Amino acid sequence: MPNYLITINPDVHTLKDFSEKDRIAVPAAGVGFQSRTLQIEAAKLFGADNFQKLDQISISLPHPDATAALISGGTEVNSHFSSAPFYYQALQGNKAVHKVISSYDILGGPATFNVLYTSTAFHDENPKTYAAFYAALREAANWINANKQEAAETFIRQQGSKLSPKLVLDIINDPENDFTIIPQNTFVYAAELHKLGVLKSEAGSWKDYFFPEAHDENGS
């Protein structure tokens, strides 16, 4: 799944257009997925020494609050590095909201957003539990792709969601969103964040940080 950096500032169309007057909402300023993704792009645009340049105008704010801020347009928060379903809601809720850049643009294509993880000790000490969970995860991904309408209904029921069934189905049908257990474009983080000194250890491949069960997949 992608994340979209969206804004209501009509003068902002690239990362270079942001100024100290702007405020970018992210779930965890400086350390979360969104901030790390921006740091990778900032290093390309402004140089490695300035990879935290956009952190200076980033603030920590939950996705729902940031979405409400952009739709209302009445707070200091005028930008948001947003995930689904929130950027869908913002783009529909305020015509001034527009996309600046996608995480896919930064990472060079479709990339994994959500990852489930556990410790090596748990994996090694509970092989049957891990195998059952991994098989269930694969089954769930396949089921969603084969039963999209029912998947949307199940999501709304299980979450007690107030999102419209049409919006949820639109999100599932969006070709940018891929329900899969295959890691995609994760090594960009391992390589680029090591270069910036954020990660002390250097990974040789994506398989270094995924368990062997995933190694036969065509991951990256």
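Since the structure is predicted, the reported quantities are computational estimates derived from the model, not experimental observations.

Draft legend 1. The overall build of the chain, seen in detail. If you tally the helices and strands in the chain, you get nine helices and five strands. Along the chain, helices and strands appear, N-terminal first, in the series β-β-α-β-α-β-α-β-α-α-α-α-α-α. Taking 220 residues into account, the globule formula puts the C-alpha radius of gyration at 17 Å, and the chain, at 19 Å, falls close to it. By principal-axis analysis of the C-alpha atoms, the chain measures approximately 55 × 45 × 25 Å. Taking the contacts inside the chain whose residues are at least 6 apart along the sequence as the reference set, 67% of them involve residues at least 24 apart. Total accessible area computed for the chain in this model is approximately 12100 Å², and 53% of it derives from carbon and sulfur atoms. Taken as two groups, the 17 positive and 25 negative side-chain charges of the chain have centres that lie 3 Å from each other.

Draft legend 2. Region of the structure containing the packing of helix 6 (residues 127-146) against helix 7 (residues 148-159). Packing of helix 6 against helix 7 brings their axes to within 5 Å, and their N-to-C directions diverge by 115°. On the basis of their axis angle, the class for helix 6 and helix 7 is roughly perpendicular. Seen from helix 6, the contacting residues are W143, I144, N145 and A146; seen from helix 7, they are K148, E150, A151 and T154. The class makeup of the residues in the contact of helix 6 with helix 7 is four nonpolar, two polar and two charged.

Draft legend 3. Representation of the pairing of strand 1 (residues 4-7). Side chains of strand 1 alternate between two faces, with Y4 and I6 and L5 and T7 buried alike. Pairing geometry for strand 1 and strand 4 (residues 79-82), over four bridges, is antiparallel. When the sheet's bridge partners are listed, L5 is paired in strand 4 with F81. Summarising the sheet, strand 1 and strand 5 (residues 98-102) pair through four bridges and their orientation is antiparallel. By the bridge assignment for strand 5, L5 is matched with I101.

Draft legend 4. Focus on the pattern of salt bridges. Across all of its chains, the model carries four salt bridges by this definition. For K44, the salt bridge identified is with E41, shortest N-O distance 3.7 Å. Remark: E41 and K44 occur in helix 1 (residues 33-46); sequence separation between them is three residues, near one turn of the helix. Its relative accessible area of 14% is what places E41 among the buried residues. Close ionic contact of E192 with K195 constitutes a salt bridge, the shortest N to O distance being 3.4 Å. With E192 and K195 both in helix 9 (residues 187-195), this residue pair falls three residues apart, about one helical turn.

Conventions adopted
Residues numbered from 1 in each chain as written. Predicted model: local features only at pLDDT ≥ 70, side-chain atom pairs only at ≥ 80, totals over all residues. Heavy atoms only, no water. Helix = DSSP H or I, 4+ residues; strand = E, 2+ residues; numbered from the N terminus. Rg over C-alpha atoms; globule rule 2.2 N^0.38 Å. Contact = heavy atoms within 4.5 Å. Areas by Shrake-Rupley, 256 points an atom, 1.4 Å probe, with all protein chains shown as cover. Lys, Arg positive; Asp, Glu negative; His and termini not counted. Charge placed at Lys NZ, Arg CZ, Asp CG, Glu CD. Axes fitted to C-alpha atoms, helices over the stretch in contact; angles between N-to-C directions. Parallel < 35°, antiparallel > 145°, perpendicular 65-115°, else oblique. Nonpolar A, V, L, I, M, F, W, Y, C, P; charged D, E, K, R; others polar. Buried < 20%, exposed > 50% of the residue type's maximum accessible area, 1.4 Å probe, protein only. Pairing = 2+ DSSP bridges. Salt bridge = Lys/Arg side-chain N within 4 Å of Asp/Glu carboxyl O.

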